[in-house]
Amino acid sequence: MSFLALSEIKKSFGPVQVVHNFNMAIEKGEFVSFLGPSGCGKTTILRMIAGFETPSGGTIRINGVDQTTLKPNQRNIGMVFQAYALFPNMTVYENVAFGLKVAGMARADIDRRVKEMLALIHLEHLAERYPYQMSGGQQQRVALARALAVKPQVLLLDEPLSALDAKIRVSLREEIRLIQQQLGITTVFVTHDQEEALSISDRIVVMNAGRADQIGTPSDIYNRPATRFVASFVGTLNLIEATVEDPQANRIRIGEHAIQIRDSLAQSRGGDKVAVALRPEAASLQATARTDTALPGEVVASSFLGSVVRTRLNVGGNTISFDMFNDPGLTPLAAGEKVTLHFAARDLLVIRD
Ligand code: ATP
């Protein structure tokens with residue numbers, strides 16, 4: 001049996017339905033991210049798990065127990081928000097102790113637990129500080145310690161990293177993942193940042209207008225996107241418009257070029273339009289031992305990004321983007337330059353939606 005079960009969850013605000021029949025079974029100890037653009041319903045699902053919103057239909061169970069109509073404080077859930085919601089007039093120690101005091105724990109036990117939590121986030125030395133005396137990253141670590149102190153059954157993280165600057169964001173997400181694995185706590189994380197979701201999750205739910213377009217491991221989501229939306233939102237995947245020429249022979253046409261692909265076209269008919277995806281790392285301007293297909297293209301733009309030069313080509317009306325590793329001898333290509341794009345036909349994936 002799954003640990004956190006969301007069954008047929010719906011949510012409407014007035015006449016507007018923002019979550020449509022959402023189903024998911026989350027295992028104990030799993031780290032699941034909800035990824036999607038602003039307004040897709042990911043925060044609403046998190047808030048329903050927390051009990052801040054009531055579903056318009058469906059049930060939420062934790063460990064077999066129906067939570068759907070329980071109040072937030074009856075659910076034993078820990079939550080960390082985007083803005084550091086620490087109590088400003090309490091020290092770090094008092095912030096972490098707060099939930100334990102409310103629960104009526106004995107003072108000596110509170111002391112032991114708070115010290116354990118501060119050790120977990122490596123902030124023992126800041127126990128007497130107030131929130132305003134700490135950086136944003138430190139405050140979020142305290143918020144995490146406070147949420148975990150009460151030993152919640154589920155940890156909910158609502159864009160906890162988005163107010164931090166890029167470097168801290170990466171180190172704190174690694175720290176969150178380590179702590180989550182160390183404690184084995186079932187965690188649901190909301191983000192609109194695809195790299196964040198790919199790097200931290202056991203599974204990702206890609207949300208699109210109140211529905212899950214795809215639920216899968218980071219590798220599933222990146223390598224095998226189920227829909228155009230997932231492909232374009234998650235990856236820097238290139239989508240190429242093609243026509244099915246012969247479904248039995250797995251042959252498509254891109255412009256004037258007939259290409260035999262490995263991916264199955266069994267569900268298509270001759271003349272159908274399909275989108276095929278090409279990962280940027282599978283494209284190159286030089287033929288290699290792996291490549292077997294070449295298409296003519298024209299440079300749209302080329303930008304120097306430090307470790308790589310990102311190049312965009314127009315290939316028969318499709319924009320193809322890929323990175324070339326920087327080396328001092330590399331001359332960036334000029335817009336309008338004619339080039340040849342090389343790739344392996346077996347790297348083309350058919351997107352079905
Ligand atoms: P963001 O990252 O911007 O928070 P999100 O994917 O988390 O986006 P939600 O906050 O879940 O999206 O919102 C989904 C939709 O529901 C949006 O169109 C939003 O305007 C609407 N919505 C959310 N809360 C309410 C509310 N209390 N009353 C009315 N509409 C709401």
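Fair warning: this is a prediction, and the values are worked out from it, not measured in the lab.

1. Topic: helix α1 (residues 42-50)
Think of an α-helix as turning once every 3.6 residues; residues three or four places apart then point the same way.
Part 1 of the reasoning: Of all nine residues in α1, seven are buried; the element is thus mostly enclosed.
Part 2 of the reasoning: Every buried residue of α1 is listed here: K42, T43, T44, I45, L46, M48 and I49.
Part 3 of the reasoning: Directly after α1, the chain includes G51, whose backbone phi takes a positive value near 95°.

2. Focus: the sheet that holds strand β11 (residues 238-246)
Part 1 of the reasoning: Here five strands make up an open sheet; going across it, the order is β13-β12-β11-β14-β19 and the pairing antiparallel. Each edge of the open sheet is held by one strand with a lone partner, namely β13 (257-260) and β19 (349-351). Taken pair by pair, the neighbouring strands of this sheet meet at an average axis angle of 45°, ignoring direction.
Part 2 of the reasoning: With four bridges connecting them, strand β12 (residues 251-254) and β13 associate as antiparallel partners. Following the sheet pairing, R253 is matched in β13 by A258.

3. Considerations on the nonpolar core
Part 1 of the reasoning: Counting residues in each nonpolar core, the largest one holds 85 residues, and the members touching the most others are V96, A145, L156, V206 and V276.
Part 2 of the reasoning: Looking at which element gives the most residues to this core, the answer is helix α4 (residues 136-149), with seven residues.
Part 3 of the reasoning: For this core, the domains that each give at least three residues are domain 1 (4-228) and domain 2 (236-351).

4. Some remarks on the sheet that holds strand β1 (residues 4-13)
Part 1 of the reasoning: Spatially, the four strands line up as an open sheet ordered β2-β1-β4-β5, and their pairing is antiparallel. The two strands at the open ends of the sheet, each matched to only one other strand, are β2 (16-26) and β5 (65-66).
Part 2 of the reasoning: Pairing analysis gives seven bridges linking β1 to β2, with the strands arranged antiparallel. Across the sheet, S12 pairs through a bridge with Q17, a residue of β2.

5. Points about the site of the ligand
Part 1 of the reasoning: The local shell around the ligand consists of F13, V18, G36, S38, G39, C40, G41, K42, T43, T44 and H192.
Part 2 of the reasoning: Top element by residues in the shell around the ligand is α1. It accounts for three residues.

Definitions and cut-offs
- Residues numbered from 1 in each chain as written.
- Predicted model: local features only at pLDDT ≥ 70, side-chain atom pairs only at ≥ 80, totals over all residues.
- Buried ≥ 20, exposed ≤ 12 C-beta atoms within 10 Å, placed from the backbone.
- Helix = DSSP H or I, 4+ residues; strand = E, 2+ residues; numbered from the N terminus.
- Pairing = 2+ DSSP bridges.
- Axes fitted to C-alpha atoms, helices over the stretch in contact; angles between N-to-C directions.
- Core = buried A, V, L, I, M, F, W, Y, C linked by C-beta atoms within 7 Å.
- Domains from an automatic or database assignment.
- Near = placed C-beta within 6 Å.

Any link to function would need more than the numbers given here.
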